Amino acid sequence: AQKVTQAQTEISVVEKEDVTLDCVYETRDTTYYLFWYKQPPSGELVFLIRRNSFDEQNEISGRYSWNFQKSTSSFNFTITASQVVDSAVYFCALSEAYNQAGTALIFGKGTTLSVSS
Amino acid sequence: DSGVTQTPKHLITATGQRVTLRCSPRSGDLSVYWYQQSLDQGLQFLIQYYNGEERAKGNILERFSAQQFPDLHSELNLSSLELGDSALYFCASSDARADTQYFGPGTRLTVL
């Protein structure tokens, strides 16, 4: 069965600190997608990144970076020089990638990040 | 703005009642997904429709049903509501590549 584990329930940092959110996944599929979504206090779910299981290249987008390691089944998310606006709940998610119609996302429990000034 | 719209934004009702949540996917997206977010269960997949047909079911109660109409909008019907049905209900849609789901703003349902 597929499973996503975000072991960190809550993280608190001070502005400008770097922070890494951990995500470990389980799947028997060889082809799958991994995602990170952000849920700010306003409640909407905002798509941040998608990674295909065949692409283990790390990605950087501004202050955000993602480290995908199939060997450890991990897809970790690092925010560099955190800001108060980064305060949100961050969800890691997994889906199968072979279905033309798309497949459901399996979400982790989320990590609540609080950034104080 | 993801392009996915959901109405209403908030809904307050009583136990035993029935409500309908509405979702309009992004233009051109054929797949619609419904998810429930509650404090105890987290984010859970309920049901998926693809081009008008039910495609997959998750942890959806028998009291809940959904449909996708020819114009591709979808409705989630919740009946015989219980206190435990209070949650945030999200709709998401994906395009023909089906590789990314974009979420609407959600409908917050409160059952009193």
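Position labels on residues start from 1 in each chain and follow its written sequence. Here the convention is simple: chains get letters from A, ligands get numbers from 1, in the order in which they are written. Note on the predicted model: pLDDT of at least 70 is required for a residue's local features to be given, and 80 or more for side-chain atom pairs to be given and counted; whole-chain, interface and lining totals, by contrast, use all residues. Side-chain metrics rest on all non-hydrogen atoms present in the structure, leaving aside hydrogens and water.

Draft legend 1. Fine view of the overall build of chain A. Secondary structure summary: chain A contains zero helices and 12 strands in total. Numbering of helices and strands starts at the N terminus; helices are DSSP runs of H or I of at least 4 residues and strands are runs of E of at least 2. Across chain A, helices and strands are ordered from the amino to the carboxyl terminus as β-β-β-β-β-β-β-β-β-β-β-β. Radius of gyration here uses only the C-alpha atoms, and the compact-globule reference equals 2.2 Å multiplied by the residue count raised to the power 0.38. Computed over its C-alpha atoms, the radius of gyration of chain A comes to 14 Å, within 12% of the 13 Å expected for a compact globule of 117 residues. Referenced to the eigenvectors of the C-alpha coordinate spread, the extents of chain A come out at roughly 45 × 25 × 25 Å. Out of the 117 residues belonging to chain A, those deemed buried represent 46%. In chain A, the share of contacts with a sequence separation of at least 24, taken over all contacts with a separation of at least 6, comes to 56%. The charged-residue count follows a simple rule in which Lys and Arg add positive charge and Asp and Glu add negative charge, with His and chain termini not counted at all. In plain terms, the charge of a residue is placed at NZ if it is Lys, CZ if Arg, CG if Asp and CD if Glu. Taking the 9 positively charged and 13 negatively charged side chains of chain A as two groups, their mean positions are separated by 3 Å. Exposure categories follow from relative accessible area, calculated using a 1.4 Å probe and restricted to protein chains: below 20% of the type maximum is buried, above 50% is exposed, and the middle band is partly exposed. For this analysis, residues touch if any pair of their heavy atoms sits within 4.5 Å.

Draft legend 2. Up close: unusual backbone geometry. Between Thr7(B) and Pro8(B) the backbone carries a cis peptide bond, its omega angle lying at -10 degrees. Of note, Pro8(B) is situated in the loop between strand S1 (5-7) and strand S2 (10-13). For Ser73(A), which is not glycine, the phi torsion reads 50 degrees and is therefore positive. Its place among the elements puts Ser73(A) in the loop between strand S8 (64-69) and strand S9 (74-79). Here Leu72(B), not a glycine, exhibits a phi torsion of approximately 80 degrees, which is positive. In this fold, Leu72(B) is placed in the loop between strand S7 (64-68) and strand S8 (74-78).

Draft legend 3. Highlighting the sheet that holds S7(B). All names here are of chain B. For two strands to count as paired, DSSP must find a minimum of two bridges between them. Taken in spatial order, the four strands line up as S1-S3-S8-S7 in an open sheet, and their pairing is antiparallel. Edge strands, defined here as strands with exactly one partner in the open sheet, are S1 and S7. Across the sheet, the mean angle separating the axes of adjacent strands is 15 degrees when strand polarity is ignored. Judged from the five bridges that link them, S7 and S8 form a sheet pairing that is antiparallel. Where helices are involved, their axes are fitted lines through C-alpha atoms of the stretch in contact, as for all axes, and angles between N-to-C directions lie from 0 to 180°.

Draft legend 4. View of the pairing of strand S10 (residues 88-96) of chain A. Residue and element names in this part refer to chain A. S10 sits mainly inside the fold: eight of its nine residues count as buried. As paired strands, strand S5 (residues 32-39) and S10 are joined by eight bridges and run antiparallel to one another. Its bridge partner being in S10, Trp36 is matched across the sheet by Cys92. Across three bridges, the pairing between S10 and strand S12 (residues 111-116) is antiparallel. Bridge pairing in S12 places Tyr90 opposite Thr111.

Draft legend 5. Quick peek at the state of the cysteines. Note on terminology: disulfide denotes any pair of cysteine sulfur atoms within 2.5 Å. As enumerated under the stated definition, the model contains two disulfides over all chains in all. Note on cysteine connectivity: Cys23(A) is disulfide-linked to Cys92(A), with sulfurs 1.9 Å apart. Between Cys23(A) and Cys92(A), the disulfide has an S-S torsion of -65 degrees and is therefore left-handed. Taken together, the positions of Cys23(A) in the loop between strand S3 (19-21) and strand S4 (24-26) and Cys92(A) in strand S10 put the pair 69 residues apart, joining distant regions of the chain. Like Cys92(A), Cys23(A) is buried. Note on cysteine connectivity: Cys23(B) is disulfide-linked to Cys91(B), with sulfurs 1.7 Å apart. On the sign convention where negative means left-handed, the S-S torsion of about -45 degrees between Cys23(B) and Cys91(B) marks this disulfide as left-handed.

Draft legend 6. Fine view of the packing of aromatic side chains. Stacked, edge-to-face and tilted labels apply to pairs of Phe, Tyr and Trp rings (six-membered ring for Trp) whose centres lie within 6.5 Å, assigned for plane angles under 30 degrees, over 60, and everything in between, in that order. Throughout the structure, instances matching the rule amount to 23 aromatic pairs over all chains. Judged by centre distance (5.9 Å) and plane angle (65 degrees), the rings of Tyr37(A) and Phe47(A) are edge-to-face. Pair noted here: Tyr37(A) is in strand S5 and Phe47(A) is in strand S6 (residues 46-52), with a separation of 10 residues, a long-range link. Looking at Tyr37(A), the relative accessible area reads 0%, which means it is buried. Classification of Phe47(A) by relative accessible area gives partly exposed; the value is 24%. Ring pairs connect the aromatic residues Tyr33(A), Phe35(A), Tyr37(A), Phe47(A), Phe91(A), Phe107(A), Tyr33(B), Tyr35(B), Phe45(B), Phe90(B), Tyr102(B) and Phe103(B), which therefore count as one cluster.

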